[in-house]
Amino acid sequence: MIRPVIFAALVTIAGAAQAGDKPLYAPAPGWVKAAPPIDATAIADDAPVILLLDNQQRLEHGQVWGYFDTATRAASSQVLENIGTIKLPWQPDKGDLIIHRAEIIRGAEHIDLLAGGGEKFSVLRREEGLEQRMLNGILTATMAVEGLRVGDVLHMSFSITQKDGALGGNVQALSAVLADPFRVQFARLRLLWPQGDKVIWKTSATGASPVITDTDGYHQIEIKLPLAKQPEMPDDAPLRFRTARLIEASSFADWASVSRTMAPLYATTGLIVPGSPLAAEVARIKAAKTDPLDRAELALELVQDKIRYLFRGMDGGNYTPQKPDQTWSLRYGDCKAKTMLLLSLLHELGIDAEPILASSQLGDLVPTRLPMPGAFDHVLVHATIGGESLFLDGTGSGARLGDIRDTPPFGSVLPVRADGAGLLKIAFKPAARPVTRIDIAYDERAGVDFPAPFTIKAVYRGGLAQLMHAAAQQASKEDIAKFTAAQLGGFIAGGKIVSRSLTYDQASGEATITAAGIAYPDWTREEQRYRSALDHVVTDMSFDPDRARPAWRDIPVAANDSANTLVRTTITLPDHGTGFTLDGDQQLADTIAGSRIDRAVSLTGGVITMEERAQGLGVEIPVADIAAARQRVALAKSRLLRVMAPPAYPMPWQVAEAGKREHRFDTLIAAYQQDIAARADKAEPLTDRAWFYERIYMRSEAISDLSRAIALDPSAKTYLWRARLYAALGDKDHALADITEARKLDPGSKDVTSQLASLDVDRGAPDDAIALLDERISAGGKEKNSFVQAKAEILAQTGRRDQALSTIDAAITDSPGNPDLLNMRCWVKGTLNVSLDTALKDCTRAIELGDSAANALDSRAMVYFRLNRFDDALADLNAALDIDPDQAASLYMRGLIRKRMGDAKVGEVDLGAARLMSPTIDKDYSRYGIAP
């Protein structure tokens with residue numbers, strides 16, 4: 001990577017510098033314009049931490065001399081710690097570090113830190129970027145500031161000179177422009193160069209108001225900082241609209257002069273010597289392939305796979321590439337070295353190729369920049385084969401012949417030619433091969449809305465594949481487990497991975513994750529049919545650009561250019577797919593909000609087969625087209641692909657019972673067991689299986705797993721869970737013991753209080769339950785209304801009608817629009833068989849105000865039952881069960897009503913289901929005087 005030198009504070013230090021690489025000590029140069037003096041006797045407490053930030057740069061004789069004057073107030077102990085050691089980085093091969101002043105200002109006192117002469121700074125070589133594969137040769141002068149106190153001001157002035165021979169006597173300067181909300185007492189940016197020198201400058205900041213003068217033979221530009229707050233830009237605007245606020249100066253007349261200046265650095269003539277190792281590689285490629293395209297691919301593969309990346313910015317390396325034989329010998333190099341090597345190989349193979357300079361992140365901004373090498377941070381190869389332009393990047397990875405026509409997202413680049421060249425716009429097109437290929441298979445034969453075993457294979461190429469290759473060689477099993485979960489989590493329907501493997505194929509340059517586990521497909525019940533979304537692309541698509549501000553009305557939207565994914569999914573449906581249908585866009589081939597979406601799906605033989613590919617096109621959507629694009633996204637979302645179960649599909653309890661009889665769950669239980677064996681020291685696999693056992697009404701087995709989980713990791717949640725299962729089986733003693741343990745672990749738990757109060761009622765101690773609830777009600781808090789509802793229900797169950805109604809009435813007076821409280825009052829009135837007319841109003845309001853109507857519908861059905869309006873009650877119960885098919889209370893009442901209406905056989909089915917879900921339900925309803 002090419003790294004333009006910009007002054008910054010770099011602090012990581014390692015290793016001692018060699019003798020001779022030391023800072024100089026001298027007064028400030030005469031061309032410097034003094035900043036206002038610092039008065040430390042009158043600094044307000046709310047004054048900025050930075051009092052002075054003066055940046056002056058002189059461009060002359062091919063050198064940039066940067067002068068910096070800073071003053072920072074040690075306003076707190078944290079600031080004191082941050083500034084207590086001065087660290088000044090510079091590149092000795094480019095120029096000097098000159099210390100002018102270092103002092104502490106304490107009130108009216110100035111303490112000279114350089115007094116007495118001698119070396120005050122230690123010089124250390126630090127390679128802070130080695131973890132980013134950088135070797136830049138920067139030295140750091142450091143000094144611990146002795147005696148600095150909170151309230152003191154640290155005042156430093158120094159210069160850094162830079163002269164790069166690769167620029168051919170030209171100069172370039174680049175600096176950030178400070179703007180509000182940055183706070184500083186005095187800040188300035190000043191540029192100057194000899195009058196008559198052909199230096200151009202510009203700033204991308206708004207409201208800079210430079211003062212331009214010609215004084216003492218220099219053309220000078222001075223900008224007072226910080227500027228006013230800069231205009232905000234939408235996050236989805238192209239980069240050229242979101243440019244960093246910079247000031248630039250350059251002596252390059254145009255881009256062609258930059259191109260010409262760089263060209264000699266990439267001359268390849270004679271660099272591959274006959275008989276050398278590199279000549280042997282050229283011969284090998286020639287012998288292997290005759291087609292120039294094949295040869296270019298082999299050369300690119302050689303550079304990518306055999307030369308590791310390491311940035312070298314020392315010894316003139318910012319713009320000067322390493323020689324090919326050195327790169328081959330060292331087996332490492334940066335983008336310059338890799339480009340030089342690839343260029344040399346291609347020229348020896350008779351392929352027309354040239355280097356091009358690129359900005360890896362800000363290519364969209366390059367045409368708005370001044371012509372200078374510093375506008376770029378990357379270099380790659382532009383080859384022409386058979387009249388076709390190819391862009392070959394030696395720093396990439398895993399490229400193969402199928403990828404050779406892919407274009408990088410670098411926007412405008414600069415060809416490097418001896419006769420010069422202007423900017424070249426790379427027309428972006430999606431990669432020929434998907435960057436990620438996903439194959440998922442779900443086995444949903446156990447039933448709709450039940451867990452499903454799955455297998456998944458994810459194949460990656462490019463940079464991520466190389467990282468995964470390294471991970472596979474070095475990472476622990478735990479690290480690989482976390483990584484695979486993060487990579488695959490978005491594809492596996494909220495599932496858990498039980499087994500996984502990570503492999504790399506050198507021939508294809510692809511990394512593969514293979515995994516298996518248990519998914520939890522998202523089936524919802526709407527209008528008495530189960531439905532599940534199949535779409536992997538449109539569901540998560542959003543397009544809602546904000547262009548309401550007048551200043552934004554002409555700014556296009558930058559569409560995604562990174563997505564390139566292929567997902568193939570198969571789903572084996574229950575009951576051989578009988579009665580299952582597809583709904584929504586089954587075939588899709590469209591461009592939506594700047595992305596190309598292709599989908600094909602079929603349902604044959606009880607198996608859904610679907611292929612979806614999403615490709616970001618890297619286009620800009622003009623303002624005039626935003627409304628149409630937004631409408632297209634909305635239309636696609638309105639036709640999301642779904643699978644629908646048949647209208648008569650069995651209820652979950654029926655599926656559970658049939659599944660146990662027919663051993664449909666054996667594969668699932670085996671997968672849970674595999675996870676338990678693999679993580680024998682963890683409670684989570686046991687609680688996962690306990691959840692499933694409870695889901696299929698195997699409560700004893702769930703209790704067994706929870707007991708093992710508690711032995712590994714006792715928690716209030718797990719104790720309460722087991723207590724609830726014990727209570728459902730009528731084991732009150734064990735339930736009480738578990739609630740007691742949970743209370744020890746979490747005395748303030750709402751669930752502990754609720755379960756203990758319910759158990760007290762079952763144990764014949766309702767007064768104890770009410771006392772417990774009153775204690776929590778008097779404490780107030782956000783859970784107060786929940787405890788009030790529980791108290792009102794217990795009072796109703798124990799025949800204390802007036803107390804029950806007054807309790808809930810008082811709560812509704814305090815919270816008149818609370819749907820839960822309204823539902824509870826409706827329920828209390830219904831179970832007590834009183835005030836049924838107002839009970840109906842309460843329930844109807846609760847349905848209208850609440851987020852989920854299942855409970856309120858069930859309560860209103862109770863009121864209708866009391867009024868002998870059985871048809872209305874059935875309608876509400878059916879609606880409640882459509883929302884929540886596992887609501888045992890609704891099944892119980894529906895069964896009871898059906899029997900009373902003469903449909904005894906169907907009624908008994910509902911009653912049996914309710915008893916399966918809630919074994920104590922007959923006892924519960926007997927409190928209300930209701931029995932089948």
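Quantities reported herein were computed from a predicted structural model and do not represent experimental measurements.

Participant: I keep staring at the overall build of the protein and nothing clicks. Help me out?
Facilitator: Secondary structure assignment for the protein yields 26 helices and 38 strands. Over its C-alpha trace the protein gives a radius of gyration of 37 Å, far above what one expects of a compact globule, namely 30 Å for 932 residues. With respect to the three principal axes, the spread of C-alpha positions in the protein is 105 × 80 × 55 Å. Burial statistics for the protein: of 932 residues in total, 52% are counted as buried. Sequence-distant contacts, at least 24 apart, represent 70% of the contacts inside the protein between residues at least 6 apart.

Participant: Please clarify how the packing of helix 19 (residues 801-814) against helix 20 (residues 819-832) should be interpreted in this entry.
Facilitator: Two quantities define a packed helix pair, namely the angle between the helix axes and the distance between the axes. It is at 9 Å that the axes of helix 19 and helix 20 come closest, and there the two elements cross at 165 degrees. In terms of axis orientation, helix 19 runs roughly antiparallel to helix 20. For helix 19 against helix 20, the interelement crossing comes out left-handed. Note on element contacts: helix 20 touches helix 19 through L821, L822, M824, R825, V828, K829 and L832, opposite R801, A804, L805, I808, D809, A811 and I812. Classifying every residue of the contact of helix 19 with helix 20 by side-chain character gives 10 nonpolar, no polar and 4 charged.

Participant: Honestly, the sheet that holds strand 21 (residues 378-385) in this entry has me stumped. Any pointers?
Facilitator: One key point about sheets: their strands pair by backbone hydrogen bonds, in either a parallel or an antiparallel sense. Spatially, 5 strands are ordered 22-21-20-23-24 in an open sheet, and the strand pairing comes out antiparallel. Only two strands of the sheet have a single partner each, and these edge strands are strand 22 (388-392) and strand 24 (424-425). Here helix 6 (residues 335-348) sits on the sheet in contact with strand 20 (352-358), strand 21 and strand 22, set at roughly 15 degrees to strand 21.

Participant: Quick question: what am I supposed to make of helix 2 (residues 255-262) here?
Facilitator: Residue pairs spaced three or four apart in an α-helix point in one direction, given the helix's 3.6 residues per turn. Across the 8 residues that make up helix 2, a large majority, 7, are buried. Residues of helix 2 that are buried include every one of W255, A256, S257, V258, S259, T261 and M262, and no others. In this fold, the buried residues of helix 2 make contact with strand 20 and strand 23 (412-415). Where helix 2 starts, the residue carrying a side-chain oxygen 3.3 Å from the main-chain nitrogen of A256 turns out to be D254.

Participant: Looking at this structure, I do not really get the pattern of salt bridges. What am I missing?
Facilitator: Two side chains of opposite charge can pair, provided their charged atoms sit close to one another. On inspection of all chains with the given rule, the structure shows 64 salt bridges. Between R549 and E232 there is a salt bridge, and its shortest N-O distance comes to 2.9 Å. Within this pair, whereas R549 is found in the loop between strand 30 (529-533) and strand 31 (557-558), its partner E232 is found in the loop between strand 15 (218-225) and strand 16 (246-250), the two being separated by 317 residues in sequence. Overall, the relative accessible area of 38% leaves R549 in the partly exposed class. With a shortest N-O distance of 3.1 Å, D882 and R525 are connected by a salt bridge.

Participant: In this structure, what is going on with the sheet that holds strand 34 (residues 588-592)? I would like to understand it.
Facilitator: Spatial ordering of the open sheet is given by 27-28-26-25-32-36-35-34, a layout of 8 strands whose pairing is mixed. Because the sheet does not close on itself, it has two edges, and the strands there are strand 27 (496-505) and strand 34. Strand after strand, the sheet turns through a mean of 10 degrees between neighbouring axes, direction not considered. Taken together, the 5 bridges between strand 34 and strand 35 (residues 595-604) define a ladder with antiparallel strand orientation. Paired with I592 across the strands is S595, a residue of strand 35. The strands that helix 7 (residues 463-474) touches are strand 26 (452-461), strand 27 and strand 28 (510-519); relative to strand 26, the one it contacts most, it runs at about 110 degrees.

Participant: Just to check I follow, could you spell out the packing of aromatic side chains for this structure?
Facilitator: For any pair of aromatic rings, geometry is given as the distance between the ring centres together with the angle between the planes. The tally for this structure, following the rule as stated, stands at 16 aromatic pairs. Centre to centre, the rings of Y925 and Y928 are 5.6 Å apart; their planes meet at 90 degrees, and the pair counts as edge-to-face. We classify Y925 as buried; its relative accessible area is 4%. Clustering of aromatic rings is evident, with ring pairs tying together F450, F665, Y672 and F692. The side chain of R525 reaches across the aromatic face of Y530, ending 5.0 Å from its centre. The lysine or arginine in question, R695, covers the ring of F450, its NZ or CZ lying 4.3 Å from the ring centre.

Participant: Sorry if this is basic, but what is going on with the state of the cysteines here?
Facilitator: By definition, a disulfide links the sulfur atoms of two cysteine residues through a covalent bond. Summed over the entire model, instances satisfying the criterion amount to 1 disulfide. Here C826 pairs with C843 through a disulfide, and the sulfurs are 1.8 Å apart. Note on the C826 and C843 pair: the S-S dihedral is about -95 degrees, so by sign convention the disulfide is left-handed. On the criterion of sequence distance, the pair formed by C826 in helix 20 and C843 in helix 21 (residues 836-849) is long-range, its members being 17 residues apart. The class of C826 is buried, set by a relative accessible area of 0%.

Participant: Where do I start with the confidence of the model for the protein in this structure?
Facilitator: A low pLDDT means the predicted coordinates there should not be read in detail. Here the protein shows a mean pLDDT of 91. Residues at 70 or above account for 95%. Within the model, the stretch residues 1-20 combines pLDDT values under 50 with 52 contacts to residues more than four positions away or in other chains. The low-confidence segment residues 127-134, where pLDDT is below 50, has 16 contacts with residues more than four positions distant or belonging to other chains.

Participant: Which parts of the structure should I look at to understand the environment of R927?
Facilitator: Looking at the element boundaries, R927 is found in the segment after helix 26 (921-926). Since its relative accessible area comes to 26%, R927 is described here as partly exposed. Sequence separation of R927 and T798 is 129 residues, and the distance between their C-alpha atoms is 7.8 Å. Excluding anything up to four places from it in sequence, R927 contacts V761, D762 and Q797. Of note is the side chain of R927, whose polar atom sits 2.5 Å from the side chain of D762.

Participant: Looking at this model, I keep getting lost on the packing of helix 12 (residues 684-695) against helix 13 (residues 699-712). Mind explaining?
Facilitator: Two elements in contact, helix 12 and helix 13, have axes separated by 8 Å at closest approach and are oriented at 160 degrees. Comparing their axes, helix 13 and helix 12 come out roughly antiparallel. Crossing of helix 12 against helix 13: the hand is left-handed. Facing L686, T687, R689, A690, Y693 and E694 of helix 12, the residues of helix 13 in contact are E701, A702, D705, L706, R708, A709 and L712. Of the residues assigned to the contact of helix 12 with helix 13, the class counts are 7 nonpolar, 1 polar and 5 charged.

Participant: Mind showing me how you'd approach helix 22 (residues 854-866) here?
Facilitator: Taking 1.5 Å per residue as the helical rise, helix 22 with its 13 residues ought to reach 18 Å, and the 19 Å between its terminal C-alpha atoms agrees with that figure. With 12 of its 13 residues buried, helix 22 lies for the most part within the structure. Listed in full, the buried residues belonging to helix 22 are A854, A856, L857, D858, S859, R860, A861, M862, V863, Y864, F865 and R866. Against the buried residues of helix 22 lie helix 20, helix 21, helix 23 (870-883), helix 24 (888-900) and helix 26. One or two steps after helix 22, the chain reaches N868, where phi turns positive at roughly 60 degrees.

Definitions and limits used
Residues numbered from 1 in each chain as written. Predicted model: local features only at pLDDT ≥ 70, side-chain atom pairs only at ≥ 80, totals over all residues. Heavy atoms only, no water. Helix = DSSP H or I, 4+ residues; strand = E, 2+ residues; numbered from the N terminus. Rg over C-alpha atoms; globule rule 2.2 N^0.38 Å. Buried < 20%, exposed > 50% of the residue type's maximum accessible area, 1.4 Å probe, protein only. Contact = heavy atoms within 4.5 Å. Axes fitted to C-alpha atoms, helices over the stretch in contact; angles between N-to-C directions. Parallel < 35°, antiparallel > 145°, perpendicular 65-115°, else oblique. Left-handed = near helix turned anticlockwise from the far one by under 90°. Nonpolar A, V, L, I, M, F, W, Y, C, P; charged D, E, K, R; others polar. Pairing = 2+ DSSP bridges. Polar contact = N/O pair within 3.5 Å; in protein donor to acceptor, adjacent residues only side chain to side chain. Salt bridge = Lys/Arg side-chain N within 4 Å of Asp/Glu carboxyl O. Phe/Tyr/Trp six-rings, centres within 6.5 Å; stacked < 30°, edge-to-face > 60°. Lys NZ or Arg CZ within 6 Å of the ring centre and 35° of its normal. Disulfide = S-S within 2.5 Å. pLDDT = per-residue confidence, 0-100. Expected span 1.5 Å × (residues − 1).

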